[in-house]
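Structural description and commentary
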Amino acid sequence: MLKEGAVWALGCMSGTSLDGVDAALLKTDGRRILEFGEARYRPYTEEERAVIAQALGLWPGFPEVEAAAEVVETAHAALLSEFEDCDLIGFHGQTLAHDPRGYGTHQAGDGRVLAEVLQRPVVWDFRTSDVEMGGEGAPLAPFYHFACAKFMEAEGPVVFLNLGGVGNLTWVDPAFEAPEEEGALLAFDTGPANAPINDLVFQRRGLPFDEDGALAAQGEVDEDLVADFLEAAYFYRMPPKSLDRNDFPDVLERVAHLDDADAAATLTAICAASVARAMEHLPSQPIGVLVTGGGRKNPTLMAMLSVLLDVPVRPVEDAGFDGDMLEAQAFAFLAVRVARGLPTSCPNTTGVSMAIGGGQISAPEAAR
Ligand SMILES: Nc1ncnc2c1ncn2[C@@H]1O[C@H](COP(=O)(O)OP(=O)(O)OP(=O)(O)O)[C@@H](O)[C@H]1O
Ligand SMILES: CC(=O)N[C@H]1[C@@H]2OC[C@@H](O2)[C@@H](O)[C@@H]1O[C@H](C)C(=O)O
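Keep in mind that what you see is a predicted model, and the values were worked out from it rather than measured.

1. Digging into the UniProt feature "binding site: ATP" (unreviewed entry) in the protein chain
According to UniProt, the "binding site: ATP" (unreviewed entry) feature falls on Gly15, Thr16, Ser17, Leu18, Asp19, Gly20, Val21 and Asp22. Examined against the element boundaries, Gly15 turns out to sit in the loop between strand S1 (7–14) and strand S2 (20–28). Owing to a relative accessible area of 16%, Gly15 belongs among the buried residues under this scheme. Inspection of the secondary structure assignment puts Val21 in strand S2. Setting aside chain neighbours within four positions, we find Val21 in contact with Cys12, Met13, Arg40, Tyr41, Arg42, Tyr44, Ala75, His76 and Leu79.

Structural data, given as structure tokens:
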């Protein structure tokens, strides 16, 4: 179905912080990054965000989930139709609930709908088969991080740290040759990242996030509270492991007695400390940590990470990448891998029993 060699894939991601949809074009053969293309962002309107938020934690069958799926499909169709052309679309959708050891994982949005609207083949539902095969279903960006490490010609193991609503990291050793699933990677979710900070400043100040970490910078960290938080069982589990956005439901209650600035500082420190704890699991010390996702724009968080980690902490821009679009590019890359029958996860990235390729491919009816 897909032509041979390198193709232009359009990847899109609607992340756990519910801010909007990122979409980016990537030229790739599913193994290497050949060229970066146009990228665009479409924020959700307040109404759209509210519809999605209503469905968080719910599973298919609830009317809230159907309503959220419609919002997700409409927003993606509007954004993706602004792009000139592509060979294939990688559509992540919006995670509403993630419980790999229980109910499974669910990303709202139907790839078949997008294939019809956009008249392009769409790869979607990337996580289900990994969970069915015993994996965590997340994180899935690691195979793309491997390609990024090769692209930047990293001189040793590097860590890609994504600070979105939830944090996740990939340790990758670019010295390995493909097949990369045989040891070049270790990946897992680190802990809560921006989601609790956003929730706090929204509750207390009606703001969407702590811009530039300004509020946290004025506060004092309650170190006992941070240490106590890190006693949660999740931080003692060996990776691979993954989180749902709401896996720490009491995190805001824990800071309820603190004033706004101290609470923001303490939640920011919880994010940094959980990353530091995660680094203890790595096979070897990386030469640096490259930070992607919105958290890299929070100088207070970046400063805390620099203090806690023994290696340089830099935004991915320092290595030539676009930290707002890395995840969208990852799903472009993964879409091509799915179409080519290449694996998208392996035991060291999701804990799946063997390297497997997830995802469904839906072609528009006229092309079938
Ligand atoms: N200037 C800034 N100062 C502080 N925080 C910021 C800034 N810009 C973005 N952020 C934070 O980054 C968040 C968005 O990050 P991002 O877009 O990486 O999340 P996401 O992709 O939805 O999440 P995930 O990777 O978990 O799916 C915002 O909600 C906010 O908390
Ligand atoms: C289930 C799910 O959607 N997980 C997301 C979420 O957001 C960050 C972290 O938790 C990561 O595990 C994952 O996203 C990235 C893109 C991934 O799969 O690599």
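Alright, that's what it looks like, and here's the rest.
2. Observations regarding the packing of helix H5 (residues 142–151) against helix H12 (residues 326–339)
Between H5 and H12, whose axes approach to 9 Å, the crossing angle comes to 100 degrees. It follows from the interaxial angle that H5 and H12 lie roughly perpendicular. Between H5 and H12, the residues in contact are Phe143, Tyr144, His145, Ala147 and Cys148 and Leu326, Gln329, Ala330, Phe333, Leu334 and Arg337, respectively.

3. A closer look at the nonpolar core
Core analysis: the biggest nonpolar cluster contains 50 residues, and Leu161, Leu163, Val289 and Leu305 have the highest contact counts within it. If you tally residues by element for this core, the top one is helix H10 (residues 260–279), at 14 residues. Ignoring sequence-local partners within four residues, the contact set of Leu161 consists of Asn168, Leu169, Thr190, Val275, Val289, Leu290, Val291, Thr292 and Leu305. Ranked by size, the runner-up nonpolar core spans 36 residues in total, among them Val123, Leu140, Val158 and Phe331.

4. Remarks on the site of ligand 1
The environment of ligand 1 is formed by 21 residues, the closest being Thr16, Ser17, Asn198, Asp212 and Gly294. Taking Asn194, its side chain carries an N or O atom lying 3.4 Å from an oxygen atom of ligand 1. For ligand 1, an oxygen atom lies 2.6 Å from a polar atom in the side chain of Asn198. Within the complex, the protein chains bury 88% of what would otherwise be the 650 Å² of accessible surface of ligand 1. Of all elements in the fold, only strand S7 (158–163) and helix H6 (194–205) reach the threshold of two or more residues within the shell around ligand 1.

5. A short note on the state of the cysteines
Counted according to the given criterion, the structure contains zero disulfides. This cysteine, Cys346, is not joined by any disulfide, and Cys148 carries the nearest cysteine sulfur, 16 Å off.

6. A few points about the pairing of strand S8 (residues 166–172)
For S8, a buried count of seven out of seven residues is recorded, marking the element as mostly surrounded by other parts of the structure. On S8, burial covers both faces: Val166, Asn168, Thr170 and Val172 on one face and Gly167, Leu169 and Trp171 on the other are all buried. Pairing of S7 with S8 involves six bridges; the strand directions are antiparallel. Bridge assignment links Val158 to a residue of S8, and that residue is Val172. With antiparallel pairing between neighbouring strands as the criterion, S7 and S8 make up a hairpin whose turn holds two residues. Sheet analysis places S8 next to strand S9 (residues 185–192), joined by seven bridges and oriented antiparallel. Residue pairing for S9: Val172 is matched across the bridge by Leu185.

7. A few points about the pattern of salt bridges
Enumeration over the complete set of coordinates arrives at 17 salt bridges. Between Glu136 and Arg101 there is a salt bridge, with its nearest N and O atoms 2.7 Å apart. Residue Glu136 is located in the loop between helix H4 (128–132) and H5, and its partner Arg101 is located in the loop between strand S4 (88–99) and strand S5 (104–108); the two are separated by 35 residues in the primary sequence. Under the relative-accessibility criterion, Arg101 is labelled exposed at 52%.

8. Concerning the domain arrangement of the protein chain
Per the domain assignment, the segments making up the protein chain are domain 1 (7–136 + 356–367) and domain 2 (153–319). Distance between the C-alpha centres of domain 1 and domain 2: 24 Å. Counting residues at the interface gives eight residues for domain 1 and 13 residues for domain 2. Summed over both sides, the interface between domain 1 and domain 2 buries roughly 820 Å², with carbon and sulfur atoms accounting for 44% of that surface. Three residues stand out in domain 1 for area buried against domain 2, namely Thr16, His98 and Glu136, and they jointly supply 58% of the buried area on that side. If you look at where domain 1 meets domain 2, you find one salt bridge. The salt bridge involving Arg237 is made with Glu136; its shortest N-O contact spans 3.2 Å. Joining domain 1 to domain 2, the criterion identifies seven residue pairs in polar contact (both at pLDDT 80 or more). For the side of domain 1 that touches domain 2, the per-class residue count stands at three nonpolar, three polar and two charged.

Rules and cut-offs
Residues numbered from 1 in each chain as written. Chains lettered and ligands numbered in written order. Predicted model: local features only at pLDDT ≥ 70, side-chain atom pairs only at ≥ 80, totals over all residues. Heavy atoms only, no water. UniProt positions renumbered as here; feature names shortened; annotations may be inferred. Helix = DSSP H or I, 4+ residues; strand = E, 2+ residues; numbered from the N terminus. Buried < 20%, exposed > 50% of the residue type's maximum accessible area, 1.4 Å probe, protein only. Contact = heavy atoms within 4.5 Å. Axes fitted to C-alpha atoms, helices over the stretch in contact; angles between N-to-C directions. Parallel < 35°, antiparallel > 145°, perpendicular 65-115°, else oblique. Core = buried A, V, L, I, M, F, W, Y, C linked by side-chain atoms within 4.5 Å. Near = heavy atom within 4 Å. Polar contact = N/O pair within 3.5 Å; in protein donor to acceptor, adjacent residues only side chain to side chain. Areas by Shrake-Rupley, 256 points an atom, 1.4 Å probe, with all protein chains shown as cover. Disulfide = S-S within 2.5 Å. Pairing = 2+ DSSP bridges. Salt bridge = Lys/Arg side-chain N within 4 Å of Asp/Glu carboxyl O. Domains from an automatic or database assignment. Buried area = accessible area lost by both parts, 1.4 Å probe. Nonpolar A, V, L, I, M, F, W, Y, C, P; charged D, E, K, R; others polar.

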